[in-house]
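Listed below are the residues making up each chain.
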Amino acid sequence: MSDPGERLDPRVVRTREQALAAGQRLLIEEGLDAVTHQRVAEVAGVGRRTLYRHWPDARSLLHDVLALTKAPEAPLGADLTETVVAHLVAFEAALHDGPLGYILAALFERSTHDPEFEAVRTELAAAGCRPLE
């Protein structure tokens with residue numbers, strides 16, 4: 001892991017972003033087992049060796065792809081009822097109209113037997129509940 005204060009080469013940042021976006025696309029379109037170095041390299045247009053430098057194994061690559069998932073956000077208003085309803089409507093839309101439902105299912109499946117994925121699931125659930133707190 002690099003120092004948080006360290007500036008990364010923009011090419012490295014771009015490569016990581018391309019790879020993670022490709023991994024997320026594969027996850028959604030083809031499933032968990034498609035998120036491999038070979039398939040991500042093909043879709044992202046980067047070399048497999050490059051991917052292995054960033055993610056030494058498929059588990060770490062899948063972990064970072066799943067960690068990209070963001071909880072839906074709704075504007076916080078002055079009225080509590082309206083805020084809760086807006087948040088729930090945004091969550092419902094993300095489940096039905098976007099990839100969130102599939103990603104959550106994949107994350108729950110992996111988190112049942114892998115503590116590292118459980119941590120990602122827990123953080124995503126906490127992020128989703130924060131506006132309601």
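What you see is a predicted model; the values in this text were computed from it and never measured.

Undergrad: Can you lay out the nonpolar core for me, pointing to particular residues and giving the numbers?
TA: Side chains of nonpolar character tend, in soluble globular proteins, to be buried together. Among the nonpolar cores identified, the biggest contains 28 residues, and L27, V35, V40, L51, L62 and L66 are the most heavily contacted of them. Within the residue set of this core, elements represented by two or more residues are α1 (10-30), α2 (37-44), α4 (58-67), α6 (100-111) and α7 (115-129). If sequence neighbours within four positions are ignored, L66 has contacts with L27, I103, A106, L107, F117 and V120.

Undergrad: Now, about the pattern of salt bridges: what can you tell me, with residues and values included?
TA: Within this structure, the stated rule accounts for eight salt bridges. Note that R110 is salt-bridged to E109, the shortest N-O span being 3.3 Å. For R110, a relative accessible area of 21% puts it in the partly exposed group. Classification of E109 as partly exposed rests on a relative accessible area of 37%.

Undergrad: For the confidence of the model for the protein chain, give the residues involved together with the corresponding values.
TA: Of all residues in the protein chain, 95% have pLDDT values of 70 or greater, and the mean over the chain is 84. Model confidence for the protein chain, summarised as mean pLDDT per element, is weakest for α7 at 81 and strongest for α2 at 97.

Criteria and thresholds
Residues numbered from 1 in each chain as written. Predicted model: local features only at pLDDT ≥ 70, side-chain atom pairs only at ≥ 80, totals over all residues. Heavy atoms only, no water. Core = buried A, V, L, I, M, F, W, Y, C linked by side-chain atoms within 4.5 Å. Buried < 20%, exposed > 50% of the residue type's maximum accessible area, 1.4 Å probe, protein only. Helix = DSSP H or I, 4+ residues; strand = E, 2+ residues; numbered from the N terminus. Contact = heavy atoms within 4.5 Å. Salt bridge = Lys/Arg side-chain N within 4 Å of Asp/Glu carboxyl O. pLDDT = per-residue confidence, 0-100.

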